[in-house]
Amino acid sequence: MPTMYRVSQNPLIFHCYNFGNVFSPIKQMAPYIRTERNIHFVITLNWSIRPPRRLKQLVESYHRHARKYPRLIVTVLANEPEELELLRQNGVRSELCNQNALLDERCYTIRRVEKRYRAISNSRMAPYKRLELLRDVENCALITYFLDPADHEYEKRILPHAGGERAACPDLICPQFDGRSWQWYDNDQICDALSASRCGVILSAEEGACFAAVEYLLCGLPVVTTPSVGGRDAMFHPDYVVWADPTPESVAAAVEKAIALPISPEEIRERTVALMRRGRETYCRILNAIAREEGVERDFLADWDSFYVNKLFRYMPEPEAVRYLNESGVRTRYTLLHRLHNAHRAFREFLKRR
């Protein structure tokens, strides 16, 4: 399903995230668009493109798109300087702007609740999150979610209740699990769980910038992290972040160091919000420059409250995305064949997740 959000009507600019295919939703939606004017797509990378295979895929997709759809202009936002250098070396129109600047700090706040956990991990139940490294952390909670049937197989490796004979983390606390099923946590419930913890832990070696990294900080938690690529360290500082080697012993020791750091939750949050605001200034300068290309003078920072939503994110099925384009004044051609193909694809996804 595409992720698109209109940040400007004049000129027409959409913000996107490339969930799934390395060049989605541009690749998915471009064939339906009929336009004689420029339409801009600003795309945030949800996964590191430093691995050569992923970089090659994105670069090839970008240049193929630019040749076929010259009126649909794409600007790729790099989450870290290394990504920006790689993109520009390969002729990709790109700017540096970490996605975590787009998180709404009002959604994640410090709650005055009893501290029940020494540590917490807010992570998808997936192998790349390396949850097995939590094995030696005492009184550790897990907030999680599932996106793929393979995630349930990984659950068996991590948690004893999932049927794994030798679960990696038999003592992990799962407040969402009632003994039979998992409850989905909304932002308020996540904030409560994070605020009930003394530090946040994030353990992947490679992904994107990872919203959870800043959610911890906004809730006033120091963070334990392993080295990683993808940009999640953009708002980290040694005053409230402890790096650990990717071993259970090192992670457990880092948790103890993080808990003992002499910094208040309020200062962690304040310093993080200041960094996020600087990131938004950068983002708005990028939008201003795009508007100027189209002969429009705009001050997007002054207009921020008129278009901003959390993460600049709207997740919608393909038919809804086509309607959204139409409502934005974009002429589209979405045939019955396309509708049937999309319905069949959605049905297959439904069967896959059952």
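One can find the structure itself at the top, above this paragraph.
One structure accompanies this document, and this report is about it. Fair warning: this is a prediction, and the values are worked out from it, not measured in the lab. (Residues numbered from 1 in each chain as written. Predicted model: local features only at pLDDT ≥ 70, side-chain atom pairs only at ≥ 80, totals over all residues. Heavy atoms only, no water.)

### Side note on the packing of helix H6 (residues 211–218) against helix H8 (residues 265–293)
Argument step 1. For the pair H6 and H8, the least separation of the axes is 8 Å and the interaxial angle reads 135°. Relative to H8, H6 is oriented oblique. Contacts between H6 and H8 pair Val-214, Leu-217 and Leu-218 from the former with Ile-268, Arg-269, Thr-272, Val-273 and Met-276 from the latter.
Argument step 2. Taken together, the residues that form the contact of H6 with H8 break down as six nonpolar, one polar and one charged. (Axes fitted to C-alpha atoms, helices over the stretch in contact; angles between N-to-C directions. Helix = DSSP H or I, 4+ residues; strand = E, 2+ residues; numbered from the N terminus. Parallel < 35°, antiparallel > 145°, perpendicular 65-115°, else oblique. Contact = heavy atoms within 4.5 Å. Nonpolar A, V, L, I, M, F, W, Y, C, P; charged D, E, K, R; others polar.)

### Description of helix H3 (residues 81–89)
Argument step 1. Those residues of H3 that fall on the buried side of the exposure criterion are Glu-83, Leu-84 and Leu-87. Angular distribution of buried residues about the axis of H3 spans 100°; they occupy a single face of the element. Facing away from the buried side of H3 by more than 90 degrees, the exposed set consists of Pro-81, Glu-85 and Gln-89.
Argument step 2. Buried-residue contacts for H3 involve helix H2 (52–68), strand E5 (72–78) and strand E6 (94–96).
Argument step 3. With its phi angle positive at about 75°, Gly-91 sits one or two positions after the end of H3. (Buried < 20%, exposed > 50% of the residue type's maximum accessible area, 1.4 Å probe, protein only. Arc of directions from axis to C-beta.)

### Here's the deal with the pairing of strand E2 (residues 13–17)
Argument step 1. Buried residues dominate E2, accounting for five of its five residues.
Argument step 2. Residues Ile-13, His-15 and Tyr-17 line one face of E2 and the alternating positions Phe-14 and Cys-16 line the opposite face, and both faces are buried.
Argument step 3. When strand E1 (residues 4–8) meets E2, the two strands line up antiparallel, connected through four bridges. Within E2, the residue paired with Arg-6 across the bridge is Phe-14.
Argument step 4. Between the antiparallel neighbours E1 and E2 lie four residues.
Argument step 5. When E2 meets strand E4 (residues 39–44), the two strands line up parallel, connected through five bridges. Counterpart to Ile-13 in the pairing with E4 is His-40. (Pairing = 2+ DSSP bridges.)

### Here's the deal with helix H7 (residues 248–259)
Argument step 1. The terminal C-alpha atoms of H7, which comprises twelve residues, lie 17 Å apart, in line with the 16 Å expected from a rise of 1.5 Å per residue.
Argument step 2. Looking at H7, one finds that the buried residues are Pro-248, Ser-250, Val-251, Ala-252, Ala-254, Val-255 and Ala-258.
Argument step 3. The elements touched by buried residues of H7 are strand E7 (119–122), strand E9 (200–202), strand E10 (223–225) and strand E11 (241–243). (Expected span 1.5 Å × (residues − 1).)

### Examining the pattern of salt bridges
Argument step 1. Counted by the stated rule, this structure contains 20 salt bridges.
Argument step 2. As a salt-bridge pair, Asp-188 and Arg-111 come within 2.9 Å of each other at their nearest N and O atoms. Taken as a pair, Asp-188 in helix H5 (residues 187–195) and Arg-111 in the loop between E6 and E7 lie far apart in primary sequence, 77 residues in all.
Argument step 3. On the accessibility criterion, Asp-188 (45% relative accessible area) is partly exposed.
Argument step 4. On the basis of relative accessibility, which here comes to 22%, the residue Arg-111 falls in the partly exposed class. (Salt bridge = Lys/Arg side-chain N within 4 Å of Asp/Glu carboxyl O.)

### Side note on the pairing of strand E8 (residues 140–143)
Argument step 1. Of the two faces of E8, the one holding Cys-140 and Leu-142 and the one holding Ala-141 and Ile-143 are both buried throughout.
Argument step 2. Here four bridges tie E7 to E8, and the two strands are oriented parallel to one another. What sits directly across from Ala-119, in E8, is Cys-140.

### Here we look at the environment of Glu-60
Argument step 1. Topologically, Glu-60 is positioned in helix H2.
Argument step 2. Considering only alpha carbons, one finds Glu-60 and Phe-23, 37 residues apart in sequence, at a separation of 9.6 Å.

### Thoughts on the sheet that holds E4
Argument step 1. Strand order in the open sheet formed by five strands is E1-E2-E4-E5-E6, and the pairing between neighbours is mixed. Two strands lie at the open edges of the sheet, namely E1 and E6, each paired on one side alone. Direction aside, neighbouring strands of the sheet carry axes that sit 30° apart on average.
Argument step 2. Sheet analysis places E5 next to E6, joined by three bridges and oriented parallel. Bridging from a neighbouring strand, Ala-78 pairs with Leu-96 of E6.
Argument step 3. Packing against the sheet, helix H10 (residues 318–327) makes contact with E1 and E2, and its axis sits at approximately 15° to E1.

### Section: the side chain of Glu-207
Argument step 1. For Glu-207, the position within the fold is in the loop between E9 and H6.
Argument step 2. Taking relative accessible area as the criterion, Glu-207 reaches 6% and is therefore assigned buried.
Argument step 3. Among all residues touching Glu-207, those that are not within four sequence positions of it are Asn-46, Trp-47, Ser-48, Tyr-128, Lys-129, Val-229, Gly-230 and Arg-232.

### Some details on the nonpolar core
Generally speaking, soluble globular proteins have nonpolar side chains that are buried together.
Argument step 1. Residues Met-4, Phe-14, Phe-41 and Tyr-283 are the most contacted members of the largest nonpolar core, which totals 88 residues.
Argument step 2. Excluding residues that lie within four positions of it along the chain, Met-4 makes contacts with Phe-14, His-15, Cys-16, Pro-25, Met-29, Phe-41, Arg-314, Met-316, Ala-321, Tyr-324 and Leu-325.
Argument step 3. One finds Leu-131, Leu-134, Ile-158 and Val-201 within the second-largest nonpolar core, a separate group that totals 26 residues. (Core = buried A, V, L, I, M, F, W, Y, C linked by side-chain atoms within 4.5 Å.)

No statement about biological role is implied by the geometric values presented.
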